[in-house]
Amino acid sequence: MKSRLVAVLLALLAGAALSFTAPASADVAAADGCYTWNRTLGEGASGEDVRQLQIRVAGYPGEGGVLALDGQFGPGTKAAVTRFQQAYGLGADGVAGAQTFAKLYELQDDDCTPVNFSYGELNNCNSDWSGGNVSAAQAKANALVSMWKLQAMRHAMGDRPIVVNGGFRSVACNNAVGGAPASRHLYGDAVDLGAGSQGFCALARQARHHGFAEILGPGYEGHDDHVHVAHRSGQFWSAPSCGI
Ligand SMILES: [Zn+2]
């Protein structure tokens, strides 16, 4: 946030000094410590800037949905952007422009994590994300997507803190805690949630709306004391004590 303000000021100064015909626009000059979008994005757009947007609205796919992070702005991305805009009281047109980007800048730290979650929280196994079933970079990237899903879920539940008890595990860490051999914790996208003020069942139910294809909770073997949310191919939800 600080770097963004500084960048805006510098850009304004540069614009004033260099150009008499094209006054600097705060919209165009807005920069962020993590990532800055340089154009309005709507249906039909494609590219890395679309993918960066998709990561940040991955928590808004609608119930049971999972947003593809493919860099192609299709109907699913439009719907997710619309839900994000509605969630924050912005004009909900499904087009990502200055207002939407400003909200995303406000919601992200300079390391690209959403403001209420951190890489450290999602990895109490090691410090370099190595030793899982994917590369360290991939595990960390997967964790980032899960954090944005959790940020959406947190906001939908009244912005109360969500308790994170762990996430990524190397094979060694997974074996040490008796994790399943194919556990999503080995991929970095699984997160184990504590009861917090919401309670397990409310968390498990809400998670269905935020892009988690895997939800395990009370009543599922080994999950009476936490709710596990993750990505996976196909949907697997089981928390029988919560009616899921
Ligand atoms: Zn788990």
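These figures come from a predicted structure and were not determined experimentally. (Residues numbered from 1 in each chain as written. Predicted model: local features only at pLDDT ≥ 70, side-chain atom pairs only at ≥ 80, totals over all residues. Heavy atoms only, no water.)

Novice: Help me out: how do you make sense of the confidence of the model for the chain in this one?
Specialist: If pLDDT is low for a region, its predicted coordinates should not be looked at in detail. The pLDDT averaged across the chain works out to 91; a share of 87% of its residues lies at or above 70. Below a pLDDT of 50 lies the segment residues 4-29, which in the model reaches 14 contacts outside its immediate sequence neighbourhood of four places, other chains included. (pLDDT = per-residue confidence, 0-100. Contact = heavy atoms within 4.5 Å.)

Novice: Is there a simple way to think about empty space enclosed by the protein in this case?
Specialist: Over the atoms a probe the size of a water molecule is rolled, and this reveals where empty space is left. This model, assessed by the stated rule, comprises one cavity of 30 Å³ or more. In terms of lining, the largest cavity is formed by Arg56, Tyr60, Phe84, Tyr88, Leu107, Trp148, Gln151 and Ala152. Looking at the lining of the largest cavity, the element that brings in the most residues is helix α6 (residues 136-156), giving three residues. (1 Å grid on protein atoms, 1.4 Å probe; cavity = no way out; pocket = protein on both sides within 12 Å on 5 of 7 lines; lining within 4 Å. Points joined across faces, edges and corners; volume = space filled by probe spheres on them. Helix = DSSP H or I, 4+ residues; strand = E, 2+ residues; numbered from the N terminus.)

Novice: Which parts of the structure should I look at to understand the coordination of the zinc ion?
Specialist: A metal bound by six donors in octahedral fashion has ideal angles of 90 or 180 degrees, whereas one bound by four tetrahedral donors has an ideal angle of 109.5 degrees. The zinc ion binds to the protein through His185 (NE2), Asp192 (OD) and His228 (ND1), with metal-donor distances spanning 2.0 to 2.1 Å. Spacing between the donor residues of the zinc ion along the chain follows H-x6-D-x35-H. Here His228 lies in strand β4 (residues 227-230) and Asp192 lies in strand β2 (residues 191-193), a separation of 36 residues in the sequence. (Donors = N, O, S within 2.8 Å, 3.2 Å for Na, K, Ca; no water.)

Novice: How should the state of the cysteines be read in this particular structure?
Specialist: Disulfide: a covalent bond connecting the sulfur atoms of a pair of cysteines. This model, assessed by the stated rule, comprises three disulfides. The disulfide partner of Cys34 is Cys112, and the gap between their sulfur atoms is 1.9 Å. Every disulfide takes its handedness from the sign of the S-S torsion; for Cys34 and Cys112 that torsion is 100°, giving right-handed. Here the residue Cys34 occupies a position in the loop between α2 (26-29) and α3 (48-56), and Cys112 occupies one in the loop between α5 (98-107) and α6, the gap between them amounting to 78 residues. Note on accessibility: Cys34 and Cys112 belong to one class, buried. (Disulfide = S-S within 2.5 Å. Buried < 20%, exposed > 50% of the residue type's maximum accessible area, 1.4 Å probe, protein only.)

Novice: Where do I start with the sheet that holds strand β1 (residues 164-166) in this structure?
Specialist: The strands that make up a sheet pair up through hydrogen bonds in the backbone, lying either parallel or antiparallel. What the five strands build is an open sheet, ordered β1-β2-β4-β3-β5; its pairing is mixed. At either end of the open sheet lies a strand with only one pairing partner, and these are β1 and β5 (236-238). Ignoring which end each strand starts from, the neighbouring axes of this sheet average 25° apart. The strands that α6 touches are β1, β2 and β4; relative to β2, the one it contacts most, it runs at about 30°. Each of β2, β3 (214-216) and β4 touches helix α8 (residues 200-207); the most contacted strand, β4, lies at about 15° to it. (Pairing = 2+ DSSP bridges. Axes fitted to C-alpha atoms, helices over the stretch in contact; angles between N-to-C directions.)

Novice: What is the right way to look at the pairing of β4 in this model?
Specialist: Consecutive side chains of a regular strand alternate in pointing toward one face of the sheet and then the other. Of the two faces of β4, the one carrying Val227 and Val229 and the one carrying His228 and Ala230 are both buried. Looking at chain direction, β2 and β4 are connected through three bridges and run antiparallel. Across the sheet, residue Val191 finds its bridge partner in β4, namely Val229. Relative to β4, β3 is paired through three bridges, and the arrangement is antiparallel. Considered in β4, the bridge of Leu216 is made with His228.

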